Amino acid sequence: MTAAALVLAGGGSRRLGRPKQLEKWGETTLLGHVLSQAAALPVEQVWVVLGANTDLVLEQVDLGSAMVVENPEWQEGIASSLRVGLDAIMRLSRAEVVVILLGDQPDIDPTLVDRLLDARKKAGRPVAVPKYRYSWGNPVVVDRTLWPRLMSLEGDQGAKQLFRAHPEWVTEVWLEGRPPRDVDTVADVESMRPR
């Protein structure tokens, strides 16, 4: 089954006060790091949704071979980035499954994506989510059959509410540790940035 990675990186970094996509992260930027991680996953393509500060990101971030989708409605929130990203993949790709990643989560375990893809396939359900202790986290794997439903979402809500309303769609992969952290504030940058 053909898989694509979709990295959502269109937000305005309101809490950080500067474009988090451009934060220095090791030898690259935060977004560059996430995209290189995505490229190492068992996927055929990497797509990235940009919104706020698109021109700066295009100038300063090594996007590798990722295909770029611009979200002109990025201020609406994450649902708008999901819509434009999934729409582009539906129209321009043969991918049957998408791995949805957040552009501000630099510490995704690559073996987790293998486990999610495998669990979705074995269970015969269209969605696989990691369950960290008591809550769902990211990344999420979603079959193409559900993309139109995700494209109906609005506002600053991801797909979790939709998946909670339809537990019959979801396979959980249980994990011992804590969920990966988002880089949202200066304190997050300082504590999470590679030394």
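K.L.:
Would you mind showing me how to read the overall build of the protein chain here?
P.N.:
Regarding its fold elements, the protein chain presents seven helices and ten strands. Relative to its length of 195 residues, the protein chain is compact, with a C-alpha radius of gyration of 16 Å against a globular reference of 16 Å. Accessible surface, the protein chain as shown: approximately 9,800 Å² in total, 49% of it carbon and sulfur. Placing the 23 positive and 26 negative side-chain charges of the protein chain at their respective mean positions leaves the two points 5 Å apart.

K.L.:
Teacher, can you tell me more about unusual backbone geometry here?
P.N.:
Most of the time, phi is negative for any residue but glycine, and the peptide bond is trans. At the junction of asparagine 138 and proline 139, the peptide bond is cis and its omega measures out at -5° in the coordinates. Mapped onto the secondary structure, proline 139 falls in the loop between strand 8 (135–136) and strand 9 (140–143). Backbone geometry at arginine 133 places phi at a positive 55°, although glycine is not the residue there.

K.L.:
Sorry if this is basic, but what is going on with the nonpolar core here?
P.N.:
The nonpolar side chains of a soluble globular protein tend to be buried with one another. Core analysis: the largest hydrophobic core is formed by 38 residues, its most contacted members being Val7, Leu31, Leu35, Val46, Val48 and Leu101. Elements with a minimum of two residues in this core: strand 1 (3–9), helix 1 (30–39), strand 4 (45–50), strand 6 (97–102), helix 4 (110–123), strand 7 (127–132), strand 10 (170–175) and helix 7 (186–192). Those residues in contact with valine 46 that sit more than four places away from it in its chain are Ala5, Val7, Leu35, Ala38, Ala39, Ser65, Ala66 and Met67. Core analysis: the next-biggest nonpolar cluster, separate from the first, contains 29 residues, Ala4, Ile89, Leu102 and Leu150 among them.

K.L.:
Explain the pairing of strand 6 to me, please; I cannot follow it from the model alone.
P.N.:
The two faces of the sheet receive side chains in turn, since in a regular strand these alternate between them. Of all the six residues making up strand 6, six are buried; the element is thus mostly covered by neighbouring parts of the structure. Along strand 6, one buried face is formed by Val97, Val99 and Leu101 and the opposite face, lined by Val98, Ile100 and Leu102, is buried too. Bridge count between strand 1 and strand 6: six bridges; the pairing is parallel. Note on strand 6: the bridge partner recorded for alanine 3 is valine 97. By the bridge criterion, four bridges tie strand 6 to strand 9 in an arrangement that is antiparallel. Within strand 9, the residue paired with valine 99 across the bridge is valine 141.

K.L.:
How should I be thinking about the pattern of salt bridges in this particular structure?
P.N.:
Opposite charge on two side chains makes pairing possible when the charged atoms of those side chains draw close. One pass over the full model with this rule turns up 13 salt bridges. Between aspartate 118 and lysine 122 there is a salt bridge; the shortest N-O distance is 3.1 Å. Separated by four residues within a single helix, aspartate 118 and lysine 122 lie in helix 4, roughly one turn from each other. When its relative accessible area of 37% is taken as the criterion, aspartate 118 is described as partly exposed. Between lysine 131 and glutamate 172 there is a salt bridge, with its nearest N and O atoms 3.9 Å apart. In this pair, lysine 131 sits in strand 7 while glutamate 172 sits in strand 10, placing the two residues 41 residues apart along the sequence.

K.L.:
Would you explain helix 3 (residues 78–92) in this entry?
P.N.:
Along an α-helix, residues three or four apart share an orientation, since each turn contains 3.6 residues. Here helix 3 spans 21 Å end to end across 15 residues, near enough to the 21 Å set by a 1.5 Å rise per residue. Residues Ala79, Ser80, Ser81, Leu82, Arg83, Gly85, Leu86, Ala88 and Ile89 constitute the buried set of helix 3. Close packing links the buried residues of helix 3 with strand 1, strand 4, strand 5 (67–70), strand 6 and helix 5 (147–150).

K.L.:
How do you make sense of helix 4 when you look at a structure like this?
P.N.:
Compared with an ideal rise of 1.5 Å per residue, which puts 14 residues at 20 Å, helix 4 spans 21 Å between its outermost C-alpha atoms and is within 8% of the ideal. Inspection of helix 4 places Leu112, Val113, Leu116, Leu117, Ala119 and Arg120 among the buried residues, and these make up the whole buried set. Taken around the axis of helix 4, the buried residues stretch over an arc of 165°, which confines them to a single face. Facing away from the buried side of helix 4 by over 90 degrees, the exposed positions are Lys121 and Lys122. Summarising the contacts, the buried residues of helix 4 are in contact with strand 6, strand 7, strand 9 and strand 10. Glycine 124 sits one or two residues past helix 4 and shows a positive phi near 70°.

About the criteria used
Residues numbered from 1 in each chain as written. Predicted model: local features only at pLDDT ≥ 70, side-chain atom pairs only at ≥ 80, totals over all residues. Heavy atoms only, no water. Helix = DSSP H or I, 4+ residues; strand = E, 2+ residues; numbered from the N terminus. Rg over C-alpha atoms; globule rule 2.2 N^0.38 Å. Areas by Shrake-Rupley, 256 points an atom, 1.4 Å probe, with all protein chains shown as cover. Lys, Arg positive; Asp, Glu negative; His and termini not counted. Charge placed at Lys NZ, Arg CZ, Asp CG, Glu CD. Core = buried A, V, L, I, M, F, W, Y, C linked by side-chain atoms within 4.5 Å. Buried < 20%, exposed > 50% of the residue type's maximum accessible area, 1.4 Å probe, protein only. Contact = heavy atoms within 4.5 Å. Pairing = 2+ DSSP bridges. Salt bridge = Lys/Arg side-chain N within 4 Å of Asp/Glu carboxyl O. Expected span 1.5 Å × (residues − 1). Arc of directions from axis to C-beta.

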